Amino acid sequence: MSSKIINVSNLKFKYTDSTNFAVNDLSFDINEGEWVSIIGKNGSGKSTLISLLDGLLKAQSGSIKVDGIELNEDTVNDIRDRIGIVFQDPNNQFVASTVQDDIAFGLENRNMPQDKMRVAVEKALTDVDMLDYAEKDPTRLSGGQKQRVAIAGILAMNPKIIILDEATSMLDPKAKYLITNLINEVRTKYNLTVLSISHDINEIEKSDRTILIRDGKMVLDTTPQKLFTELDNVEEYGLKLPFSEQLRLKLKEAGFDISDDYLNDEEIVEWITQYYSKM
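If you look the protein chain up in an unreviewed UniProt entry, it shows as Cobalt ABC transporter, ATP-binding protein from Apilactobacillus kunkeei. The UniProt entry for the protein chain carries the following text under Subcellular location (unreviewed entry): "Cell membrane".

As structure tokens, this is what we get:
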């Protein structure tokens, strides 16, 4: 049985200039090795939650445990060592003039010996397919390549948890697809727990669970496949049905004998192919 690596219990946080709680009595657990997507429209409390998990903000009440350690002023640095965050704009994370030096920066701060550092940098770049760009200026790469470098920098630090804070929102559809697949690959290779923050519904299909929040409160904790069948009106939460689900519903309304469950792009294409092969 998987152990809980993140435990959030009755968490409440309110900004000083607001009368409403940005995170309002929120509770959930994340098991080691899981990929959990937290979704909701802008202003729902997603980014505030990330700042609370990393100790950048202090909750008014409730508790956070990461890898069995309760977050407080004495433990915040230990917890940050276990978490790596990929932000929306990777340019904000680059600190060196070459890709390899940028990845080495965090390892230098941990006083890692040079020989081990070289091995760690090369391994991380290899695992994100960016070794050929080791001596390039990271700010001159494409958006998808920049995010690969940002991910490599985190992998080199060997965290237990990787948090994607709207990490693909500035990428084109192809780059989004490639980065999502990359995260899924390194999750297995590095035994990572993944927490992704998004309001793009197409990015959550590879996650194990989806937590929908609104006004800092949990609305649903379910699987991506069940999300759309459990919500009466996704637009109410600032979400849009994926094209595959829109098509499935249209086919259902037209009287076709199609599944009542959510189908992704590949599954809907397979259903259509099989349907016409029987004609």
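Further notes follow.
Student: So what's going on with the sheet that holds strand 7 (residues 161-165)? Which residues, and what values?
Tutor: A sheet is described by the order of its strands in space; here six strands give the open sequence 6-7-8-3-9-10, paired in mixed fashion. On the outer flanks of this sheet lie strand 6 (83-86) and strand 10 (217-222), each paired with one strand and no other. Mean inter-strand twist for the sheet, computed between neighbouring axes without regard to direction, equals 20 degrees. Packing against the sheet, helix 5 (residues 143-156) makes contact with strand 6 and strand 7, and its axis sits at approximately 170 degrees to strand 6. Here helix 6 (residues 173-190) sits on the sheet and contacts strand 3 (35-39), strand 7 and strand 8 (193-198); the angle it forms with strand 3, its principal contact strand, is near 140 degrees.

Student: For the sheet that holds strand 4 (residues 61-66), give the residues involved together with the corresponding values.
Tutor: Strand order in the open sheet formed by four strands is 2-1-4-5, and the pairing between neighbours is antiparallel. The sheet is open, and its two borders are formed by strand 2 (23-31) and strand 5 (69-70), each paired with just one other strand. Where strand 1 (residues 4-13) meets strand 2, seven bridges bridge the pair, whose relative direction is antiparallel. Paired with L11 across the bridge in strand 2 is L26. Where helix 1 (residues 46-53) meets the sheet, it contacts strand 1, strand 2 and strand 4, and its direction lies at approximately 115 degrees from that of strand 1.

Student: Explain the domain arrangement of the protein chain residue by residue, including any values.
Tutor: Under the domain assignment, the protein chain is made up of domain 1 (1-82 + 193-234) and domain 2 (242-278). Taken together, the contact between domain 1 and domain 2 spans seven residues of the former and six residues of the latter. Across the interface of domain 1 and domain 2, roughly 540 Å² is buried in total on both sides, 62% from carbon and sulfur atoms. Contact with domain 2 buries area across many residues of domain 1, yet E205, F228 and T229 alone supply 68% of it, more than any other trio. Where domain 1 meets domain 2, there are zero salt bridges. Residues of the side of domain 1 that touches domain 2, tallied by class, amount to three nonpolar, three polar and one charged.

What counts, and where the lines are drawn
- Residues numbered from 1 in each chain as written.
- Predicted model: local features only at pLDDT ≥ 70, side-chain atom pairs only at ≥ 80, totals over all residues.
- Heavy atoms only, no water.
- UniProt positions renumbered as here; feature names shortened; annotations may be inferred.
- Pairing = 2+ DSSP bridges.
- Helix = DSSP H or I, 4+ residues; strand = E, 2+ residues; numbered from the N terminus.
- Axes fitted to C-alpha atoms, helices over the stretch in contact; angles between N-to-C directions.
- Contact = heavy atoms within 4.5 Å.
- Domains from an automatic or database assignment.
- Buried area = accessible area lost by both parts, 1.4 Å probe.
- Salt bridge = Lys/Arg side-chain N within 4 Å of Asp/Glu carboxyl O.
- Nonpolar A, V, L, I, M, F, W, Y, C, P; charged D, E, K, R; others polar.

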